[in-house]
Amino acid sequence: MLKDVLKESKKQIKAYLDHIHGYDLAQSFLELSDDEKEKLYTVISNEKLADLVTYLDADIGAQIFAEFDLIKQKHLIDYMDPDDAADIILELEEEDQEALIQTLDKESDVLSLIQYNEDQTGSAMTNLVVKLDISMDVKKATKRVIQEAPEVETISTLFVVDENDKFIGIVDLKKLLKAKTPLTVKDIYEEHPYAFDKDPIIETISKIRNYAIYEMPVVDDEMHLLGIVTLDDALDIYEEEAKEDFEMLAALPETIESGVIKTALHRIPWLLMLLAISIPISLVTSLFEEIIAAVAILVIFQPLISGSAGNVATQTLAVTLRMLSKNEEGIKKNSYREIITGMINGLIIGVLAFVITLVFTTMSSSLMTNPLSIAFVVGLSLWLTVLIAPIIAVSIPLVLKLFKIDPAVASGPFITTLIDISAISLYFGLATLLLGGV
Amino acid sequence: MSRHINFKHSDALLDKVFDAIHGYDLALLYPSLEDIEKKRMVDLIKDDKLSDMFVELEKDDQLELITYLSQSKIKKLITSLESDDLKEFLEDLDKETQKLYLKYLSKVKAKTIELLLTYEDDHAASMMSTDFITIDQNMSVNDATNKIVTSSKDQDYIDHIYVINDDKKWVGTINIKNLIIARQGQYIKDIMEGEDIFIFADDSIEKAIDIVQDYDKNAIPVLDHEHHMIGIITADDIFDELTQDYEEDYQKLALIGDHTTSLTSIQRSKQRLPWLLIAVLLNLVTVSILSTFEATLEAVTVLVLFQPMILGMAGNIGTQSLAVTILGIHQDNFENKRKKHIVKEISIGIFNSAILATIAFMFVYTLLSILGSQSVNPGDVAQVVALAIFLAMSISSMMGALVPLTLDRLNIDPASASGPIMTTFNDIIALVLYFGIATIMFL
């Protein structure tokens, strides 16, 4: 392990660092004490240090950056891929950011990446690619590839531009190697999917996955080739987004790695909010104390009604949030379908609940009230609440979106609690109406 | 992407239209076509596009598509498929049909596919492809380049070339980039990287996902235990696998099946109804247990006011720790962190339950004092509620962590824990605690 190696001589540490993969280095780096980190910095080459920073989370990378002076920071940036460098720079304190940006060349690739929003395709782009002109013959093209290979991330795909420097397609390296003069790039290139730099990154990522593309070309509005988004970057971004969706549905703030108390406090705001919105439930229920006192058996079926409506709402919510986070079209049609689905499902489980209640109340001897009317109240309330559930679950995220609040804050538990309020009002309300006289 | 194709166009024009659409999009389109349209499409599109589309289709559509093809076209299609895609297509067919298709292949290739079909589902080898290139470490750079140019097939992965020694054991990898820029006169051994990033055939798929992701590799070699290289796992397949994992987790948490936006209301009902029905039936258990507390309920009706709150809060904290645990299981070397994770989640659960119970106590006390409730003392009820919330939440968060981990141990998908059984269980615990404590307190 790195920790032990750091006790050895400089030469040995160097030899160790030469062979370790950036990811492994980053993993063991996290376990070092401050002193050990200091020692590492004195030995490690700029190139390897840049590699290490790349594999760490951007905020930790920025912390490392802050330990060094501007000149060293610039050297590190030079060794990094532009997209990784841009991530780090954006994490630095504002003053440091500006100072570092000042030192970079005007044409620096990093600068062009910093201007993009995090959710735009451009922000995940690397601009190191081999460009071929359409008119090149294959020999010249091969030469270009060999020349530029050391500088770029990959040469498996070569990108073809026309006379006006506009992107028109790609050449597979295999095809180029097999081609012989007098063929030109024009004869062997093929069309290829691409993304615009301002496209939402989510869309670009699903294109990469669906089309199984290792290097997705990114162009500007005028079809000038700006760079590529690689599959491995897409994979990481996808995982982050998927995790977020999942966490949101579970009313869980972004997972953090820290101690018990800190993590607990991190999660508690959601729980507190949920507790706060469940207070009205108690208030609403208290309005119906009379009927509850009169027909105590009603209480027994209350979890059934709240629970079912909550389940239906969660289903609809999940589907709706997914569509919103993927920017899919057809929300209206989807909402309409969800509501119809709720009606059908509500009817079926409503009837089932009616039967169950009827059987149960008939068997239960302690009862004086008419089992049939209790079963009717339970069945009808269940149907009505399950009918309302999808309406609430579709409209709340849409309304939040309208107010530019992240719709995903409407998590499963949040919606379920809201549904509880309507479920209870409906249930006891109906009971008062239909059984009130008993 | 164009989602609508006008089949009234001439063949020549249609041909152009198909040319411009990616195989994946064609595959999305295919199931919605009329039989005649399908046939025309299959006739018109180019061979490589046909195979691009074919691999993206569902099994039923694949089988149907084949019926539209001539013998020679079937042969072209089958031979052009990547080995992992071909294996996936053959996997669920019966032995006889498999043989029929394997006949189209060369003897060597057929053998490889037969071998691929023998790997177990959750082993890394089951998702590997055999379309890779190996070269001997003693070859010169020139010979190696020639070999790649002349012998590589269209579907071969050549971004990395794999190097073997005299015993045919894998010893290293060369990025094609480094091979291209190597000088003449150099040997493969001089320029290869002797890294040790690989996976054994019988390692888990999860491990393969981790390795590809962590080391940012486009492909990793698959080895048998003698270090012979038997295949590669590529990052695009890993991407599919990862997506599937997350989709499934999400769907299970939300109690929805394999949902797509195109489903109609009736299809959606059909798919979700089983979950809902199970939940309703399970509620029957809750109902029966609750009915045993009828006496308490009748005596202290005010208890009802706080029942939804207790059930809700227990459910919420359970969902939180469940979600954290399911996500945690996806992480690298989670095995080693298992114990730590359990202890941590339980401590967090107890901590947060205590805080919320305190707040709930204050709320209940205030509310009852304002309502000026008759027979019972607000302090007593508040105590009961607070104690029930504390215990129910602690237990629910504990279950949220323990159940998925146990399922994982038993090789059941941990996300199955997010179903109605868990919810019902939590409900029952919470209710029994609440009314149990109340019964002791008031009766």
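Q: Any chance you could explain the overall build of chain A here in plain terms?
A: Regarding its fold elements, chain A presents 22 helices and six strands. Relative to a compact globule of 438 residues, whose C-alpha radius of gyration would be 22 Å, chain A shows 31 Å and is clearly more extended. Seen through its C-alpha atoms, chain A measures out along the principal axes to roughly 95 × 60 × 35 Å. For chain A, the proportion of contacts with a sequence separation of at least 24, taken over those separated by at least 6, is 71%.

Q: What am I meant to see in the overall build of chain B here?
A: Looking only at helices and strands, chain B has 20 helices and six strands in total. Over its C-alpha atoms chain B spans a radius of gyration of 30 Å, topping by over 25% the 22 Å that the globule rule assigns to 443 residues. For chain B, buried positions account for 40% of its 443 residues.

Q: Would you take a moment to explain the pairing of strand S3 (residues 167-172) of chain A for this structure?
A: Residues in a regular strand project their side chains so that they alternate between the two faces of the sheet. Relative to S3(A), strand S2 (residues 157-161) of chain A runs antiparallel, the two sharing five bridges. If you follow A:Thr157 over to S3(A), its bridge partner there is A:Asp172.

Q: Just checking my understanding: could you explain the domain arrangement of chain A for this structure?
A: Put simply, an interface is often sized by how much accessible area is lost when its parts join up. In terms of domains, chain A is made up of domain 1 (2-118), domain 2 (131-244) and domain 3 (260-435). When each unit is reduced to the centre of its C-alpha atoms, the spacing between domain 1 of chain A and domain 3 of chain A is 51 Å.

Q: Is there a simple way to think about the interface of chain B and chain A in this case?
A: Contact residues are listed per partner, giving 81 residues for chain B and 91 residues for chain A. The leading source of residues in the side of chain B that touches chain A is helix H15 (residues 265-291) of chain B, at 16 residues. A breakdown of the residues in the side of chain B that touches chain A according to their chemical character gives 46 nonpolar, 22 polar and 13 charged.

Q: What exactly am I supposed to notice about unusual backbone geometry here?
A: Comment: phi is negative for the bulk of residues other than glycine, and the bulk of peptide bonds are trans. Residues A:Thr181 and A:Pro182 are joined by a peptide bond in cis, for which omega reads 10 degrees. Mapped onto the secondary structure, A:Pro182 falls in the loop between helix H12 (173-178) and helix H13 (185-188). Although it is not a glycine, B:Asp216 adopts a positive phi angle of roughly 50 degrees. A count of 18 C-beta atoms within 10 Å places B:Asp216 in the partly exposed class. Phi is positive for B:His227, close to 65 degrees, though the residue is something other than glycine. With respect to the helices, strands and loops of the structure, B:His227 is situated in the loop between strand S5 (219-223) and strand S6 (229-234). Assessed through the 16 C-beta atoms surrounding it within 10 Å, B:His227 is described here as partly exposed.

Q: What is the right way to read the confidence of the model for chain B from this model?
A: Interpreting fine coordinate detail is not advised for predicted regions of low pLDDT. Mean pLDDT over chain B stands at 86; residues scoring 70 or higher make up 98%. For this predicted complex, the interface score ipTM comes out at 0.77, alongside a pTM of 0.78.

Q: Any chance you could explain the sheet that holds strand S5 (residues 215-219) of chain A here in plain terms?
A: What the three strands build is an open sheet, ordered S4-S5-S6 (chain A); its pairing is mixed. In the strand order of this sheet, the two ends are held by strand S4 (195-196) and strand S6 (225-230) of chain A, each with one partner.

Q: In this structure, what is going on with helix H6 (residues 58-66) of chain A? I would like to understand it.
A: Residues spaced three or four apart along an α-helix face the same direction, because each turn holds 3.6 residues. All names here are of chain A. When H6 is considered as a whole, its buried residues turn out to be Gly 61, Ala 62 and Phe 65. Buried positions in H6, seen along its axis, are confined to an arc of 100 degrees and lie on one side of it. Exposed and facing more than 90 degrees away from the buried side of H6 are Asp 59 and Ala 66. Contact partners of the buried residues in H6: helix H5 (46-55), helix H7 (70-79) and helix H8 (82-91).

Q: What should I look at first to understand the confidence of the model for chain A in this one?
A: Per-residue confidence for chain A averages 85 on the pLDDT scale, and 96% of its residues sit at or above 70. Mean pLDDT across the secondary structure elements of chain A bottoms out at helix H10 (residues 109-114) of chain A, with 80, and peaks at S4(A), with 94.

Q: Hey, could you run me through the nonpolar core in this one?
A: Counting residues in each nonpolar core, the largest one holds 216 residues, and the members touching the most others are A:Leu158, B:Ile233, B:Ile310, B:Val385 and B:Ile389. Top contributing element to this core by residue count: helix H19 (residues 378-409) of chain B, with 14 residues. Apart from the residues lying within four places of it in its own chain, the contact partners of B:Val385 are B:Phe306, B:Ile310, B:Ala360, B:Phe361 and B:Val364. Core analysis: the next-biggest nonpolar cluster, separate from the first, contains 21 residues, B:Met41, B:Leu50, B:Phe54 and B:Leu86 among them.

Q: Got a minute to help me understand the sheet that holds strand S4 (residues 199-200) of chain B in this structure?
A: Residue and element names in this part refer to chain B. Strand order in the open sheet formed by three strands is S4-S5-S6, and the pairing between neighbours is mixed. Edge positions in the sheet fall to S4 and S6, since each of these pairs with one other strand and no more. The pairing of S4 with S5 spans two bridges and is parallel. Considered in S5, the bridge of Ile 199 is made with Val 222. Its contacts with the sheet place helix H14 (residues 235-253) against S5 and S6, and it is angled at close to 60 degrees to S6.

Q: I tried to follow the environment of B:Ile180 on my own but got confused; where do I start?
A: In this structure, B:Ile180 sits in helix H11 (residues 176-181). Sequence separation of B:Ile180 and B:Met362 is 182 residues, and the distance between their C-alpha atoms is 74 Å. If near-sequence neighbours (up to four positions away) are discounted, B:Ile180 is found in contact with A:Val145, A:Ile146, A:Ala149 and A:Ile155.

Q: Explain the pairing of S5(B) to me, please; I cannot follow it from the model alone.
A: Residues and elements named next belong to chain B. Burial analysis of S5 places five of its five residues in the buried class, the great majority of the element. With five bridges connecting them, S5 and S6 associate as antiparallel partners. When the bridges of S6 are listed, Ile 220 appears paired with Ile 233. Here S5 hands over to S6 after five residues, with His 227 in that stretch at a positive phi of 65 degrees.

Q: How should I be thinking about the packing of helix H19 (residues 302-325) of chain A against helix H20 (residues 331-363) of chain A in this particular structure?
A: Packed helix pairs are characterised by how far apart their axes lie and by the angle those axes make with each other. All names here are of chain A. Between H19 and H20, whose axes approach to 11 Å, the crossing angle comes to 160 degrees. In terms of axis orientation, H19 runs roughly antiparallel to H20. In terms of crossing hand, the pair formed by H19 and H20 is right-handed. Counting all contacts with H19, which are made through Leu 304, Ser 308, Val 312, Thr 316, Val 319 and Met 323, the residues of H20 involved are Ile 331, Asn 334, Glu 338, Gly 342, Asn 345, Ile 349 and Ala 353. Residues of the contact of H19 with H20, tallied by class, amount to seven nonpolar, five polar and one charged.

What counts and what doesn't
Residues numbered from 1 in each chain as written. Chains lettered and ligands numbered in written order. Predicted model: local features only at pLDDT ≥ 70, side-chain atom pairs only at ≥ 80, totals over all residues. Helix = DSSP H or I, 4+ residues; strand = E, 2+ residues; numbered from the N terminus. Rg over C-alpha atoms; globule rule 2.2 N^0.38 Å. Contact = placed C-beta atoms within 7 Å. Buried ≥ 20, exposed ≤ 12 C-beta atoms within 10 Å, placed from the backbone. Pairing = 2+ DSSP bridges. Domains from an automatic or database assignment. Nonpolar A, V, L, I, M, F, W, Y, C, P; charged D, E, K, R; others polar. pLDDT = per-residue confidence, 0-100. Arc of directions from axis to C-beta. Core = buried A, V, L, I, M, F, W, Y, C linked by C-beta atoms within 7 Å. Axes fitted to C-alpha atoms, helices over the stretch in contact; angles between N-to-C directions. Parallel < 35°, antiparallel > 145°, perpendicular 65-115°, else oblique. Left-handed = near helix turned anticlockwise from the far one by under 90°.

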